[in-house]
Amino acid sequence: MKKYRFLCSSMRKNKKNIPVNSMADNSGRGIAIDVNHIKKADFKTAEQYEEATQSHRDEGHTFHLVQKGKVLIEIDLKKHTVSAPAVVYMHPSQVHRIIDFHNVTVCSLAINNEHLYPDHQDFLETIAPVAPLSLSKATYKNISTLFTLSLDFYTQKNNKLYQPLLKDSCNALVALIASVFLQQHKGPVQLSRSEHIARSFAQLLEKHYSTVKRPAVYADKLNISTHYLNESVKHTTGIPVTQHIRDRVILEAKRLLLHTDRSVKEIAFELGYEDYPYFTRLFTKATGITALTYRSKRHD
C-alpha cells in the first residue's frame, strides 16, 4: 500500500498513544516532500481506508497544498471543508484526521525544527493553530512554484549541494506559506512589549504545560513578575494566564480521551496531576461534563 503523507501512515499497534506519522524513511534528513493523487479506489479494503484516515500527529511541521479536489478534515476536534486551491498547516502537536475526500491532488512538505530557521519557527508558533486557508490564483501560483522547486531539489540526491539547496528552498516555502497566514492577522507589523511577552509565554506553555501549572514559574522563566505576565497576556489575548494553562491541559486531555484507550487516571498522571480526583473536577468544571462522559459522547 502506497504511503500518503496527507493521510496517516502509522500502523496502530496499541491504543495507549496517539499515532505519529514518522519521517523515518527519509534517511534522517528531517525533510520529506511528495505529491499525491489520492482516490478512494486506491484503498483495496475497508481496513486500509480506516487505517489511513485515523487520527494522528505528524513528526514535523506539515504543509499541504491542495491543488485539486475537496477534503473534509478534522483538526483538534474542529471540522474543516477544504476545496482547492487551499493550503493547510499543522503544528506537530495537533491531532488530525481525514474524514472524507474526493479525488484529491496534494503537495505535502514535512520538516522538523532542526531544519527550520529559528525565525521561521517563531512565525509558525505565532500562527498556530490556524484554520486551512483558501488561496487566490496569484498566491496559489507562487506557492505551487516553490513547492515544485523544492520537490526538484529533493530528488537531486547526488547534487554536491543537496542539503543546502533542499533546506534553503524548503525554508523559503515555509516563509511564504507563513506570510500568507500572517496576512490574515490584522495586528500591527511591530509587536508591542505585551505581545512579545504573550508570544513567549505561549511558546513556553507548549513545551511545559504537562509539568508547569503555576504562572509564577512561567514569569520566572521570562524574567518578569507574575503580575506583569498576567497583565501582558490578558491585555493581548483577553484571557488570564491561569486559563491559558488550564485550556492547554484540557485540550491535551480531550485528545488522549478520544484517540487512546488510556484510563482517565493514566491521562491525569501524564498531564502532571498525581491528585486524580482534582483532575476530574478540573475537567468537569472546564467542559461541563465528566471525562468519561466526554469520551463516550464523542465516540457515539
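The present account deals with the structure reproduced in this document. (Residues numbered from 1 in each chain as written. Predicted model: local features only at pLDDT ≥ 70, side-chain atom pairs only at ≥ 80, totals over all residues. Heavy atoms only, no water.)

### A look at helix H10 (residues 276-287)
(1) Moving on: Counted at 1.5 Å a residue, the expected span for H10 with its 12 residues is 16 Å, and the 17 Å between its end C-alpha atoms agrees.
(2) Moving on: Turning to H10, its buried residues number three or more, namely Phe-279, Leu-282 and Phe-283. One side of H10 carries all its buried residues, which in axial view fall inside an arc of 95°. In H10, the exposed positions angled more than 90 degrees off the buried face are occupied by Arg-281 and Lys-285.
(3) Moving on: Phi turns positive, to about 90°, at Gly-288, one or two residues after H10. (Helix = DSSP H or I, 4+ residues; strand = E, 2+ residues; numbered from the N terminus. Expected span 1.5 Å × (residues − 1). Buried < 20%, exposed > 50% of the residue type's maximum accessible area, 1.4 Å probe, protein only. Arc of directions from axis to C-beta.)

### Observations regarding the packing of helix H2 (residues 118-127) against helix H4 (residues 162-182)
(1) Moving on: Between H2 and H4, whose axes approach to 10 Å, the crossing angle comes to 30°. Our classification of the angle between H2 and H4 gives roughly parallel. With respect to the hand of their crossing, H2 and H4 are arranged in left-handed fashion. Contact with H2, carried on its side by His-120, Phe-123, Leu-124, Thr-126 and Ile-127, involves Asn-171, Val-174, Ala-175, Ala-178, Phe-181 and Leu-182 of H4 and no other residues of that element.
(2) Moving on: When the residues that make up the contact of H2 with H4 are grouped by side-chain class, the tally is eight nonpolar, three polar and no charged. (Axes fitted to C-alpha atoms, helices over the stretch in contact; angles between N-to-C directions. Parallel < 35°, antiparallel > 145°, perpendicular 65-115°, else oblique. Left-handed = near helix turned anticlockwise from the far one by under 90°. Contact = heavy atoms within 4.5 Å. Nonpolar A, V, L, I, M, F, W, Y, C, P; charged D, E, K, R; others polar.)

### Overview of the pattern of salt bridges
(1) Moving on: If you walk through the whole model with that rule in mind, you get eight salt bridges.
(2) Moving on: Measuring nitrogen to oxygen at the nearest pair gives 3.1 Å for the salt bridge that ties Arg-97 to Glu-74. One end of the pair, Arg-97, is in strand E7 (residues 96-111); the other, Glu-74, is in strand E4 (residues 61-75), and 23 residues separate them in sequence.
(3) Moving on: Taking the relative accessible area as the measure of exposure, Arg-97 reaches 27% and is therefore partly exposed.
(4) Moving on: Among the ionic pairs, Arg-246 bridges to Asp-247, the shortest N-O distance being 3.1 Å. (Salt bridge = Lys/Arg side-chain N within 4 Å of Asp/Glu carboxyl O.)

### Focus on the environment of Arg-193
(1) Moving on: Following the sequence through the fold, Arg-193 ends up in helix H5 (residues 193-208).
(2) Moving on: Sequence separation between Arg-193 and Ser-232 is 39 residues; the distance between their C-alpha atoms is 8.0 Å.
(3) Moving on: Filtering out sequence-adjacent residues up to four positions away, Arg-193 remains in contact with Ile-224 and Tyr-228.

### Section: the state of the cysteines
(1) Moving on: Following the criterion strictly, the structure yields zero disulfides and no others.
(2) Moving on: In this structure Cys-107 is a free cysteine whose sulfur lies 12 Å from that of Cys-170, the closest cysteine sulfur available.
(3) Moving on: Here Cys-107 falls in the buried class, since its relative accessible area comes to 5%. (Disulfide = S-S within 2.5 Å.)

### As for unusual backbone geometry
(1) Moving on: With an omega of 0°, the peptide bond running from Ala-84 to Pro-85 counts as cis.
(2) Moving on: With respect to the helices and strands, the residue Pro-85 is situated in the loop between strand E5 (78-83) and strand E6 (86-90).
(3) Moving on: With an omega of -5°, the peptide bond between Ala-128 and Pro-129 qualifies as cis.
(4) Moving on: Unusually for a residue other than glycine, Leu-77 sits at a positive phi of about 75°.
(5) Moving on: You can see Leu-77 is positioned in the loop between E4 and E5.
(6) Moving on: When its relative accessible area of 19% is taken as the criterion, Leu-77 is described as buried.

In short, geometric facts, not functional conclusions.
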